[in-house]
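The primary structure of each chain is shown beneath.
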Amino acid sequence: MKSVSIVTCVAVLVLLASRAIAAPPNVVLIITDDQGYGDIGAHGNDVIKTPNLDDLCRRSVRLTNFHVDPTCSPTRSALMSGRYSTKAGVWHTICGRSIMDRDELTLAEIFRANGYRTAMFGKWHLGDADPCRPQDQGFDHAVHHGGGGVGQTPDYWGNDYFDDTYWHNGVTQAQEGYCTDVWFDEAEKFIDSTKDKPFFVYLATNAPHGPYIVDKKYSDMYPGLPNATSNFLGMITNIDENVGKLVAKLRRDGLEQNTVFIFMTDNGTAQGEKVFNAGMRGKKGSEYEGGHRVPFFIYWPAGNLTGGRDVTQLSAHIDVRPTLVELCGLKEPAGPEGDGRSLVPALRGDAEALRNRTLFVHSQRILHCEKWRKSSVMTEQWRLINGKELYRIKDDPGQSSNVAGQFPETVQDLRSEYDEWWESLKPAMSRTVYVQVGSDAEPRTRLTAHDWLIDGATPWNQNAIRNGQPTTGPWAVEVAVAGRYEIVVSRWPDFTNLPMEATGVKLSIQGQQHSQKLDENDTSARFEVQLHRGKTMLQTLLDSTDGKKRGAYYAYVRKLSD
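Keep in mind it's a predicted model, so treat the numbers as computed, not measured.

### Things to note about the side chain of Glu 442
Right, so step 1: Structurally, the position occupied by Glu 442 is in the loop between strand 17 (435-437) and strand 18 (444-448).
Right, so step 2: Within the local environment of Glu 442, its side chain forms a polar contact with the backbone nitrogen of Asp 130, the two atoms lying 2.8 Å apart.
Right, so step 3: Setting aside anything within four residues of it in sequence, one finds Glu 442 in contact with Asp 128, Ala 129, Asp 130 and Arg 133.

### Concerning helix 11 (residues 408-429)
Right, so step 1: Over its 22 residues, helix 11 extends 30 Å from the first C-alpha to the last, a length consistent with the 32 Å expected when each residue adds 1.5 Å.
Right, so step 2: The largest bend in helix 11 comes to about 25 degrees, at Glu 423, with the proline Pro 427 one to four residues further on.
Right, so step 3: Residues of helix 11 that are buried: Thr 410, Val 411, Leu 414, Tyr 418, Trp 421, Trp 422, Leu 425, Ala 428 and Met 429.
Right, so step 4: Buried positions along helix 11 lie against strand 13 (359-362), strand 14 (375-378), strand 15 (382-385) and strand 16 (389-392).

### Notes on the packing of helix 2 (residues 51-59) against helix 7 (residues 227-252)
Right, so step 1: Packing of helix 2 against helix 7 brings their axes to within 7 Å, and their N-to-C directions diverge by 55 degrees. As the angle between them shows, helix 2 and helix 7 are arranged oblique. Listed contacts from helix 7 to Pro 51, Asn 52, Leu 53 and Arg 59 of helix 2 are Asp 240, Glu 241, Val 243, Gly 244, Val 247 and Arg 251.
Right, so step 2: When the residues that make up the contact of helix 2 with helix 7 are grouped by side-chain class, the tally is 4 nonpolar, 2 polar and 4 charged.

### Here we look at the packing of helix 5 (residues 179-193) against helix 7
What describes two packed helices is the angle between their axes and the distance between those same axes.
Right, so step 1: Their axes nearest at 10 Å, the elements helix 5 and helix 7 cross at an angle of 10 degrees. With respect to helix 7, the element helix 5 is oriented roughly parallel. Contact residues: helix 5 offers Thr 180, Asp 181, Phe 184, Glu 188, Ile 191 and Asp 192, while helix 7 offers Asn 238, Ile 239, Asn 242, Val 243, Lys 245, Leu 246, Lys 249 and Leu 250.

### Notes on the side chain of Asn 159
Right, so step 1: With respect to the secondary-structure elements, Asn 159 resides in the loop between strand 5 (141-144) and strand 6 (165-168).
Right, so step 2: Classification of Asn 159 by relative accessible area gives buried; the value is 8%.
Right, so step 3: Within polar-contact distance, the side chain of Asn 159 engages the side chain of Asp 155 at 3.1 Å.
Right, so step 4: When sequence neighbours within four positions are dropped, the list of residues in contact with Asn 159 reads Val 150, Gly 151, Asp 164, Thr 165, Tyr 166 and Gln 462.

Criteria and cut-off values
- Residues numbered from 1 in each chain as written.
- Predicted model: local features only at pLDDT ≥ 70, side-chain atom pairs only at ≥ 80, totals over all residues.
- Heavy atoms only, no water.
- Helix = DSSP H or I, 4+ residues; strand = E, 2+ residues; numbered from the N terminus.
- Polar contact = N/O pair within 3.5 Å; in protein donor to acceptor, adjacent residues only side chain to side chain.
- Contact = heavy atoms within 4.5 Å.
- Expected span 1.5 Å × (residues − 1).
- Bend = angle between axes of the 7 residues up to and from the residue.
- Buried < 20%, exposed > 50% of the residue type's maximum accessible area, 1.4 Å probe, protein only.
- Axes fitted to C-alpha atoms, helices over the stretch in contact; angles between N-to-C directions.
- Parallel < 35°, antiparallel > 145°, perpendicular 65-115°, else oblique.
- Nonpolar A, V, L, I, M, F, W, Y, C, P; charged D, E, K, R; others polar.

Here it is in C-alpha cells:
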C-alpha cells in the first residue's frame, strides 16, 4: 500500500506540475512614446541611465531588426490590430485620421475572448469617443489621458503631468503623482485585483513625448545638455525606474516566471539623436531607419524566452498579434485578417525563419494619403526610400550611399511590391472613421477640434485653444438612433465657464443650418435638433469678436428623451 501511495502521490505531483506549466501566461506589453532605439544604455548609449532596461535587455530575446510606423497612432493601431495601420483607418495623429476603425479585431478583444482580464494604462490615441475608446475595443479596465499626449486638446483641461485628472473607464478621476508613476501604479493595482484569471496589461506611457516635463531629480542627472534633451532623458530614466519596480513586483508575487514581458517603443527618438542614435539616419517621423527601427525585448522564463539572444530577422508591429496568439495558445474570434507573421519560430531559435519577406512603413500625416509619401520598403538586404533611393542596409546602416543607379532591377522589384501593397490599402483610404452620438455606451459625447477633418494642423493641443487658432472643420459623426438631440458648443471645455469670445455661432448638421446670437458673457450655445440615423458631418463657425474665422473647439452631443 505504501508503494502504491507513493506512486500515486508522484503521479499527482507530476500532473499538477504539468498543469502549472501549461497555465496560460500573463502578458505585460509596455510601449513608450518617442523613445528611439538608441535611447537605451544597453544599445551603446553611454549617457543615458537605464539600468533596469539594460538588465531586461540582457535577459530577454531581442528583436534587433524590428520596425513600427514613424509616428504614434499608426504604430498603435497596427500593434492593436495586427494590420497595417492605414487599413485600420489610421495614418495621422490628428485630423480624424488617428481614430481606429471600430471593426478592427484588437489584441484586447482576442485576449478577453480567451478568458483573460484586460487593461490598458496611459496613452491610447486611437479615439476619444464611442465606439473607439479602449473600453469599447476590448479592455475591461482603462485608465488613460485624452488624445495623443497630456495637455493635448482631448485631454482633461489643465493637465500638466503632475496631479492630473484622467479617465477611469470613461469617468474622470483626479490622481496624485507624476503621469508615468500613475500608469505603473494603476497597472500594479490591476494585477493585484486579478487573482482568478490570466491578465493582459497594455501599459503605454505618454513619456517621453513632449512637452518634456519631469521631476528635477531626473533631469539633473544630465547636466550640460539643453533643457529639452535633459528632460527627455530624465523622463526615460523615470520610465526605467518604474519598469524595475514592476519587474520586482512580478518576481515578488511569483508571477515573473509565467508572464510574457514585452518592452518596445512606438517610433524613433524625438530628442535623443542629439546624444546617440545608434548610427541610424533620421528620427521620429522619418522614413529612414531612425524613424521606425525600435527596441523590442521579450522575456518569458516559463516559455524559455530568455538568455540575451538576438533575433535578426526583419519583423514589425503587425507581427505582435500572431506571435502572442501562438505563444499563449489563443483562438482568434472572427474579424479582419491580420497582415503579420508569427515570430515564434524565430524566437525559438530557427535562424532561417522569416528570411524572405518584404515589409512597408510610411508616414503620411495628411488628410488624404499620397503614394510614395515618406515611405520605406524593407527587406533584410534593402531599403527603398520614397520609391527612389536604395540602400544596402547591412553594409550601410546609416543610409548614406544611395545605390539605386547601380541596381535598377532591385528598385523596380521593390516598387512592384509597394504597388501591390498600396492597392491593398486603397479601400481603407476611401473610408472615414465616424464616432457615434446617441449611443447607450456614451450618452453624452464630447467632440474636440483635435479630430476636425481638415488638411492642415487642427487645434490639437491646449495652447492652440488658448491662443484661439483661427480655423474650423467638420466632425465625422454617426447618429446611432433617430430622435431629438441637444448639441452644446463652446470655445472652451464646458466646465471652465469661460466666455465664447463671439457675438454669434452657426451650426450645420444633416443639411440643417442653425444659428444663435451670443452675449459677451455667454459660455456656450445650446441647440436642439431633430436627427435621423446615419453618418453625417457636424461643423460650427463662430462670429469671433476679433474678426478671425474659427469654430467652436468643443461640442457635446446627447439624445434627449422622447
